Amino acid sequence: MSTNRTTRRGARLALAAAITLAAALTAPPSQAAPARDGRPSPGAPGLGDPLFPLDGNGGYRVDRYYLDFDWQAPKTPFEAATTIRATSTQALSRFNLDFAGNTLHAVTVDGAKAGASREGDELTVTPKSPIRKGSSFTVKVTYTADPAQTRHRDDAIEDYGWIPTPDGTVVYPQPNGARMIFPSDDHPSRRAPVTFRISTPADRTAVANGKLVSRVEVPGGRVRWTYDSEQPLSTQLVQLAVGKFRLVESEGPGGLPLRDVVPEALVEPTAEYRKLTPGHLAWLEERLGPYPFHRYGVLVGDTDLGVALETQTLSLVPKADLLGTKVDAERNLVHELTHQWFGNSVALESWSDLWVSEGHARFYERLYSEAHGGDSLEAAMKTAYAAHDQWRKDFGAPAEPTEPNLFKRMRYDGSALVLYALRERVGDATFQKIERAWVSGFQGRTASTRDFIDLASQVAGEDLEGFLRPWLYGAKTPPMPGHPDWVVDPVT
């Protein structure tokens, strides 16, 4: 996700308070862990993430989502169904799904009516019969979706959930807004492929992550669009949009299929900058290795929300980003494209690892911009260095965020500064080896800050924990290697 706006400051929480909150909200041991004797027991209602303890669920693994949406018109409720094929990881007496808002109709497990209760964002499902450990099972949830449902954060995210456009809708699921779209296992470490089946009026086009499988006319003058994500993705990276779009197809390096999704009136005004994508791909592949998915494209958002988002294989970029200067447009385009390697292909193990994703996206965004008419990377990093102690106080250290400050400056330029410091410490050649080893070694997997420190040490041939931990967790900003003249501003 990227934004060049100055965001509002939210209330600060100490890390200790966040950990205490996590402990308070996480289910007690009798509910959070399977029974030791193998008897059916409830799946945990959350994964205990330090920032969002009730996000995600325990006791099962999602194998695939099937989303059936009968979309009608902007801001108009419509009938929906989510079918989840899953495998139990313990004997389950009941389990949870993350599901917010929307009007629940019915829940079935393997075709039989199941008990269902809701509290906050938790939907608790009690099957007619317990589910044995290691069993495959299918959950179907029918509901009326509310495509006007949004939430707000006082950081770079701003509004998220369903975001209406003049003739349709787009979705902003980051950080945990997917639950407003469909019931799910809503945590970035939980990945599964998705099949989208979206019916629309004949004058609208539906798009989603991955490949268009079919477009079929159905009764009532409507069209059903089916997409397959092709590869697993985190729920925060789901995209589905409806509107009066034109699909603009082209090719990237090596014949990579490119598909831009553009509102009709914005096709020509945005064409100049959208055509830069093949060059951006080639530039990043030189540094990071092959693009990790089967296709890519840009969804131009006809919205006033000034936030771009790295939804997998189809980055959402607001129209304003493509109607301004070339330097600003390329910064956001390269930022979201970089996320396809960092955050998408290599997913976050916890929200505290967001610095890896956003720091890399900002680092390569600025590195590219420096060579294409933008500001100096060194100058930007020197400015970030000066503010780093203040950001540590206000927003938490790079790998130690608090929930209200998750998407603040520290996770962007503040985290790019950690990577800049690492490059200064080990040299550019070793740094590039670390980067390639990260995206290739963890491709299609989740990874943590601990994993990054370990891999960097392994590639560099020296223990870098003593160097990286103060940068990632310390209350004070360490000296910048090679720049003894850089000074941190006093904290106010």
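This is a predicted model, so every value here is computed, not measured. (Residues numbered from 1 in each chain as written. Predicted model: local features only at pLDDT ≥ 70, side-chain atom pairs only at ≥ 80, totals over all residues. Heavy atoms only, no water.)

**Regarding helix α6 (residues 354–371)**
Move 1: Compared with the 26 Å implied by 1.5 Å per residue over 18 residues, the 26 Å span of α6 between its first and last C-alpha is a close match.
Move 2: The element α6 is largely enclosed, with a buried count of 16 among its 18 residues.
Move 3: Of the residues one or two after α6, Gly373 is the one with positive phi, at around 95°. (Helix = DSSP H or I, 4+ residues; strand = E, 2+ residues; numbered from the N terminus. Expected span 1.5 Å × (residues − 1). Buried < 20%, exposed > 50% of the residue type's maximum accessible area, 1.4 Å probe, protein only.)

**Considerations on the sheet that holds strand β2 (residues 60–70)**
Move 1: Read across the open sheet, the eight strands follow the order β6-β5-β9-β3-β2-β14-β17-β16; overall the sheet is mixed. The open sheet has two edge strands, β6 (112–113) and β16 (211–218), and neither has a second partner.
Move 2: Alignment of strand β14 (residues 194–201) against strand β17 (residues 222–228), held across seven bridges, turns out to be antiparallel. By the bridge assignment for β17, Ile198 is matched with Trp225. (Pairing = 2+ DSSP bridges.)

**Quick word on the side chain of Arg191**
Move 1: Along the chain, the position of Arg191 falls in strand β13 (residues 191–192).
Move 2: Buried charge without a partner: Arg191 forms no salt bridge, and the closest opposite charge is Glu349, 11 Å away.
Move 3: For Arg191, the side chain forms a polar contact with the main-chain oxygen of Asn344, separated by 2.9 Å.
Move 4: A polar atom in the side chain of Arg191 sits 3.5 Å from the backbone oxygen of Gly444.
Move 5: Each residue touching Arg191, except ones within four places of it in the same chain, is listed here: Val62, Pro232, Leu233, Ser234, Asn344, Ser345, Ala347, Gly444, Arg445 and Thr446. (Lys, Arg positive; Asp, Glu negative; His and termini not counted. Salt bridge = Lys/Arg side-chain N within 4 Å of Asp/Glu carboxyl O. Polar contact = N/O pair within 3.5 Å; in protein donor to acceptor, adjacent residues only side chain to side chain. Contact = heavy atoms within 4.5 Å.)

**A short note on the pairing of strand β9 (residues 136–145)**
Move 1: Note that strand β3 (residues 78–88) and β9 share ten bridges and pair antiparallel. The partner of Ala80 across the bridge, within β9, is Tyr143.
Move 2: Of the pairings in the sheet, the one linking strand β5 (residues 103–109) to β9 comprises six bridges and is antiparallel in character. Paired with Thr108 across the two strands is Lys140, which belongs to β9.

**What about helix α8 (residues 413–426)?**
Move 1: Between its terminal C-alpha atoms α8 stretches 20 Å, which fits the 20 Å expected from 14 residues at 1.5 Å a residue.
Move 2: Here α8 lies mainly inside the structure; twelve of its 14 residues are buried.
Move 3: What α8 keeps buried is the set Asp413, Gly414, Ser415, Ala416, Leu417, Val418, Leu419, Tyr420, Ala421, Leu422, Arg423 and Val426.
Move 4: Here the buried face of α8 lies against α6, α7 (377–395), α9 (428–441), α10 (449–460) and α11 (465–473).
Move 5: At the C-terminal side of α8, Gly427 shows a positive phi close to 95°.

**Topic: the sheet that holds strand β4 (residues 92–98)**
Move 1: Across the sheet, four strands lie side by side as β1-β4-β8-β7; this open sheet has mixed pairing. Looking at the sheet topology across the chains shown, the edges are occupied by β1 (41–42) and β7 (115–119).
Move 2: Across two bridges, the pairing between β1 and β4 is parallel. Paired with Ser41 across the bridge in β4 is Leu92.

**Description of the nonpolar core**
Side chains of a nonpolar character, in soluble globular proteins, are inclined to be buried together.
Move 1: Phe69 and Leu240 are the most contacted members of the largest nonpolar core, which totals 71 residues.
Move 2: Those residues within four positions of Leu240 in sequence are excluded, and the remaining contacts are Leu67, Phe69, Trp162, Thr169, Val170, Val171, Ile181, Phe196, Ile198, Val207 and Ala208.
Move 3: Counting 50 residues, the second-largest nonpolar core is a separate cluster that includes Leu281, Val356, Ala380 and Val426. (Core = buried A, V, L, I, M, F, W, Y, C linked by side-chain atoms within 4.5 Å.)

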